[in-house]
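# Descriptive analysis of the structure
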Amino acid sequence: MITMLTAYTKELDDIEAACNEIIEQLDAPHNIKKNSVGLITCDSEFVDAGVVEALCKRLDFDTIGITTQGTAVNGQFDFDLLSIAVLTSDDIRFSTVMSGPITPDSIDAPIEAAYHKGVSKYENEKPSLILAYPPMLLTQVGLGQLVAPLKRLCGDDIPVFGTLSIDQTPHFSTCKTICNGEAFPNTFGMTLLFGDVHPQFFMQSISLQNIQKQYAVVTDSEGFVVKTLNDMPFSLYLQKLGFAAGSFEALYMVPFIINSKNDSLNTTISCGIYNITEEGYAVFGEEIPIGATIAMGELDADDVLKTTQDTVARIADLRAQGKASCALMYSCLTRGAIVGSHYLAELQIVSDTLNGVIPFQCCYSGSEICPTPNASGKTANHIHTFTFIACVLT
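Residues numbered from 1 in each chain as written. Predicted model: local features only at pLDDT ≥ 70, side-chain atom pairs only at ≥ 80, totals over all residues. Heavy atoms only, no water.

### Comments concerning the packing of helix α1 (residues 15-26) against helix α4 (residues 51-58)
Convention followed: For every element, the axis is a line fit to its C-alpha atoms; helices are fit only across the contacting stretch, and the angle between N-to-C directions ranges from 0 to 180 degrees. Secondary structure elements follow DSSP: runs of H or I of four or more residues count as helices, runs of E of two or more count as strands, with numbering from the N terminus. The labels follow the angle: roughly parallel below 35 degrees, roughly antiparallel above 145, roughly perpendicular from 65 to 115, and oblique for the rest. Crossings are classed by handedness, with left-handed meaning an anticlockwise turn of the near helix from the far one by less than a right angle and right-handed meaning a clockwise turn. Residue contacts follow a heavy-atom distance rule, with two residues in contact if any of their heavy atoms lie within 4.5 Å. When residues are sorted by character, Ala, Val, Leu, Ile, Met, Phe, Trp, Tyr, Cys and Pro go into the nonpolar class, Asp, Glu, Lys and Arg into the charged class, and all the rest, Gly among them, into the polar class.
Two elements in contact, α1 and α4, have axes separated by 9 Å at closest approach and are oriented at 45 degrees. Here α4 runs oblique to α1, going by the angle between their axes. The handedness of the crossing between α1 and α4 is right-handed. Touching Ile15, Glu16, Ala18, Cys19, Asn20, Ile22 and Ile23 of α1 are Val51, Ala54, Leu55 and Arg58, all from α4. In terms of residue class, the contact of α1 with α4 is made up of eight nonpolar, one polar and two charged.

### Brief notes about the sheet that holds strand β2 (residues 35-42)
Quick reminder of the rule: The pairing criterion for strands is at least two bridges between them, as found by DSSP.
Spatially, β1-β6-β2-β3-β10-β11 is the arrangement adopted by the six strands of the open sheet, whose pairing is mixed. At either end of the open sheet lies a strand with only one pairing partner, and these are β1 (3-9) and β11 (182-184). Adjacent strand axes in the sheet meet at a mean angle of 20 degrees, parallel and antiparallel pairs treated alike. Two strands pair when backbone bridges link them, and β1 and strand β6 (residues 82-89) are joined in this way by seven bridges, in the antiparallel orientation.

### Some words on the packing of helix α8 (residues 301-320) against helix α10 (residues 345-354)
Here α8 crosses α10 at 25 degrees, and the two axes come no closer than 10 Å. Here α8 lies roughly parallel to α10, going by the angle between them. The element α8 and its partner α10 pack so that their crossing is right-handed. Of the residues in α10, those touching α8 at Val304, Leu305, Thr308, Gln309, Val312, Ile315 and Ala316 are Ala345, Glu346, Ile349, Val350, Thr353 and Leu354. Classifying every residue of the contact of α8 with α10 gives nine nonpolar, three polar and one charged.

### Observations regarding the pairing of strand β3 (residues 62-67)
In the case of a regular strand, side chains alternate between the two sheet surfaces. Defined as follows: Only protein chains enter the area calculation, which uses a 1.4 Å probe; residues under 20% of their type maximum are buried, those over 50% are exposed, and those in between are partly exposed.
Burial runs high along β3: five of the six residues are buried. Bridge analysis of β2 against β3 gives six bridges, and the strand direction is parallel. Note on β3: the bridge partner recorded for leucine 39 is isoleucine 64. Pairing of β3 with strand β10 (residues 177-179), which is carried by three bridges, proceeds in the antiparallel orientation. Looking at β10, one finds that glycine 65 is bridged to isoleucine 178.

### Brief notes about the environment of leucine 354
With respect to the element layout, leucine 354 can be found in helix α10. With 338 residues separating them along the chain, leucine 354 and glutamate 16 place their C-alpha atoms 30 Å apart. Setting aside anything within four residues of it in sequence, one finds leucine 354 in contact with Val312, Ile315, Ala316, Met329 and Phe360.

### What about helix α6 (residues 143-154)?
Formally: To estimate the expected span of a helix, count its residues, drop one, and scale the result by 1.5 Å.
Taking 1.5 Å of rise per residue, 12 residues should cover 16 Å, and α6 covers 17 Å from first to last C-alpha, within 8% of that figure. Along α6, the residues that are buried comprise Leu143, Gly144, Leu146, Val147, Ala148, Pro149, Leu150 and Cys154. Looking one or two residues beyond α6, the residue adopting positive phi is glycine 155, at roughly 60 degrees.

### A closer look at the sheet that holds strand β12 (residues 189-194)
Spatially, six strands are ordered β7-β12-β8-β9-β24-β25 in an open sheet, and the strand pairing comes out mixed. Both edges of this open sheet fall to β7 (93-98) and β25 (379-384), since each of them pairs with a single strand only. Shown here is a sheet whose adjacent strand axes are inclined to one another by a mean of 25 degrees, direction ignored. Looking at chain direction, strand β8 (residues 129-133) and β12 are connected through five bridges and run antiparallel. Residue pairing in the sheet places tyrosine 133 in a bridge with glycine 189 of β12. Its contacts with the sheet place helix α5 (residues 108-120) against β7, β8 and β12, and it is angled at close to 30 degrees to β12.

### Some points on α4
Put simply, the rule is: In this description, the arc belongs to the directions extending from the helix axis to the C-beta atoms.
Residues Val51, Val52, Leu55 and Cys56 constitute the buried set of α4. Projected onto a plane normal to the axis of α4, the buried residues spread over an arc of 125 degrees and lie on a single side. Residues of α4 that are buried sit in contact with α1, β2, α3 (44-48), β3, β6 and β10.

What follows is the structure, encoded as structure tokens:
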């Protein structure tokens, strides 16, 4: 059984006061069990000011985490918040690792080495769940390429759940992954859970009525690159949809609904485009096979709030049935941008619905990693954008 303890601070200038506030809320001597790991989310200023490093030195367990744009925990939600969610258990075990530096020319080896180090702690036992925190390297490589090595190592038998680090700068120049007080812009952190773990996953992106009925078939693709749709270059397809040639920069706000039509998956996910190449090809965050279908979606503020409310209501119902002990939730930063002046509205919904009901931690995400069910009910690890995801533990 896993339980979650949560704590937060807004104190940035007085490091000792910030650490004391967290320690007092956790009340570790009375609450911490045999095995624990701390999941940290915070604005990057908490890293720069030394608060994260000082806090981790005072904790008796490993920590992993990310910088973010906004967090909700313990009835609080804000931009300038450092939160920690401590997963603690007498029977579930944790192994927390950080990869070496990742570059466009060296992706697989550091991630594979970190995974093998993680499983070696328990004599290469197979983990039951992996919490994954890749770095933000979108200007160089897409998220899919960062998660692909882990997907190859784990297949779909080991669920992988997590989020990409972000920050509050326009070009994500200060975002970092955190491990035991250290923080780096180009490393992949992960916590492997071992034992009788039974996570439940939820994801909501776009309501069906907001997805165009017309779809196109991928007729040529290579990995994450879709070259042609309906036998025409992707850029020409975009022009037929009304995008002017050479002005595709607004595409980062456009969700594309992908249905992988191969027999083993047939899974529908929401993806974003990272780039349009000189050849007119689209670079996605997920591998898209030939034969998949693509339809454009439209995410508006009302739909963002509705899909979030639907998800947290389901979590509250599970708690009422005694089928949930805690929840981790991540929401795509674009969802907050679409809400506009009420950027934190999703976090407020989470806080208002779940505070006092179930321990939780929620923050904004650069892209979302969550197992997704296919038409037959089998789950597969996938990368998402424009999506609200949740991992509920029992």
